[in-house]
Amino acid sequence: RVRMSEAIGTPEFPSLLRAGLRTILFSAYAMQTPVWPQLAYRAESNNQAEVWLEMSRLGLLPTVGELEEYPEVQTTQLPAKRVTNSKYGAIIRISEEMLLFDKTNQVLQIPRDRGEVAAQTMEDAAFTELRTTGRYDKTSADNNIGNNTGTTTFAPTGVLTAWETLTTMKDPRANRYLMVRPDTLICGSGVYMNAVQLFRSRNIQSGEDGAAPISGVGETNPFFGLVKTII
């Protein structure tokens, strides 16, 4: 109490206050374990917006006959993607009276809560992109199965549709398969139990309960181990 009283009477009080609360805030932020780094890359940027350029892949090589010249191939640029950076923040006003009359250490809870919400804000921004169905719209030229509009529901038939859509994805210009092999499922809490049952069960029941088998009458679950990570 004596040290706090002396600090309040000095011009350095704002600096001392910021230093102490900032340490609490950063510590609370560092203690969070976000999920989004498992799903996306992090890139440093000092610009208001970044333009992402990507070249198309080359198509399959053509047949060249004896004494024929090798044809010249060219790469093309895919449409540029513009990523706009956003800044998040807030100001918390802490007065001298809040510190003097704080008997339950609620002032210290404020920066701790702000540190947690800073990490949660980044998490929410990432999952907002994941939940936007328009991000998944693709035409039939990009895979073998047809249009992908992000409206497929979770069920064995829906998983088959998603699996074929992803594994037959092609470069939009070269029409070459990208060889995608998905191993992660991101789902809501209402689907999680069904996903665990579908992808973690070695055997399935068919016939007696009237359930239509995927193919044939076997009892081995073809979905077992298909997804390594369920988030």
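Further up the page is the structure itself.
Here goes a summary of the coordinates provided. Nothing here was measured: the structure is a model prediction, and the numbers come from that model. (Residues numbered from 1 in each chain as written. Predicted model: local features only at pLDDT ≥ 70, side-chain atom pairs only at ≥ 80, totals over all residues. Heavy atoms only, no water.)

A few words on the overall build of the chain. A count of helices and strands for the chain gives six helices and four strands. Mapped in sequence order, the helices and strands of the chain form the string α-α-β-β-α-α-α-β-α-β. Classification of the 231 residues of the chain by burial places 16% in the buried group. Roughly 18,100 Å² of accessible area belongs to the chain as shown, and the carbon and sulfur atoms make up 54% of that amount. (Helix = DSSP H or I, 4+ residues; strand = E, 2+ residues; numbered from the N terminus. Buried < 20%, exposed > 50% of the residue type's maximum accessible area, 1.4 Å probe, protein only. Areas by Shrake-Rupley, 256 points an atom, 1.4 Å probe, with all protein chains shown as cover.)

Turning to unusual backbone geometry, a few remarks are in order. Although it is not a glycine, L67 sits at a positive phi angle of roughly 65°. With respect to the element layout, L67 can be found in the loop between β1 (49-52) and β2 (81-84). For L67, a relative accessible area of 82% puts it in the exposed group. Even without being glycine, N175 reaches a positive phi, approximately 60°. With respect to the helices and strands, N175 occurs in the loop between α5 (156-167) and β3 (184-185). Accessibility expressed as a relative area gives 47% for N175, which makes it partly exposed.

Applying the stated rule across the entire model yields five salt bridges. A salt bridge links D171 to R57; the nearest nitrogen and oxygen atoms lie 3.9 Å apart. Separated by 114 residues along the polypeptide, D171 in the loop between α5 and β3 and R57 in the loop between β1 and β2 bring together distant segments of the chain. D171 sits in the buried class, given a relative accessible area of 2%. Close ionic contact of R114 with D113 constitutes a salt bridge, the shortest N to O distance being 2.7 Å. D113 sits in the partly exposed class, given a relative accessible area of 35%. (Salt bridge = Lys/Arg side-chain N within 4 Å of Asp/Glu carboxyl O.)

The next point concerns helix α4 (residues 106-131). A rise of 1.5 Å per residue sets the reference length of α4, with its 26 residues, at 38 Å; its end C-alpha atoms lie 35 Å apart and thus fit the reference within 8%. The set of residues buried in α4 consists of V107, P111, G115, A119, E123 and F127. (Expected span 1.5 Å × (residues − 1).)

This brings us to the environment of Q48. Relative to the helices and strands, Q48 is located in the loop between α2 (13-31) and β1. Sequence separation between Q48 and S86 is 38 residues; the distance between their C-alpha atoms is 7.9 Å. Residues contacting Q48, with those up to four places away along its chain left out, are T84 and N85. (Contact = heavy atoms within 4.5 Å.)

The subject of this paragraph is the nonpolar core. V159, L185, A195, L198, F199, F223, V227 and I230 form the largest nonpolar core, which has eight residues in total. If one sorts the elements of this core by residue count, helix α6 (residues 189-200) sits on top with three residues. (Core = buried A, V, L, I, M, F, W, Y, C linked by side-chain atoms within 4.5 Å.)

Quick look at the side chain of N143 now. Looking at the element boundaries, N143 is found in the loop between α4 and α5. Engagement of the side chain of N143 in a polar contact is seen with the backbone nitrogen of I145, the distance being 2.9 Å. Among the polar contacts made by the side chain of N143, one reaches the main-chain amide nitrogen of G146 at a distance of 2.9 Å. Beyond its immediate sequence surroundings of up to four residues, N143 is in contact with T165, T168 and M169. (Polar contact = N/O pair within 3.5 Å; in protein donor to acceptor, adjacent residues only side chain to side chain.)

Structurally, S189 can be placed in helix α6. Relative accessible area serves as the criterion here: at 72%, S189 is assigned to the exposed category.

With respect to the helices and strands, the residue Q74 is situated in the loop between β1 and β2. Q74 sits 16 residues away from L58 along the chain, and the two C-alpha atoms are 7.7 Å apart.

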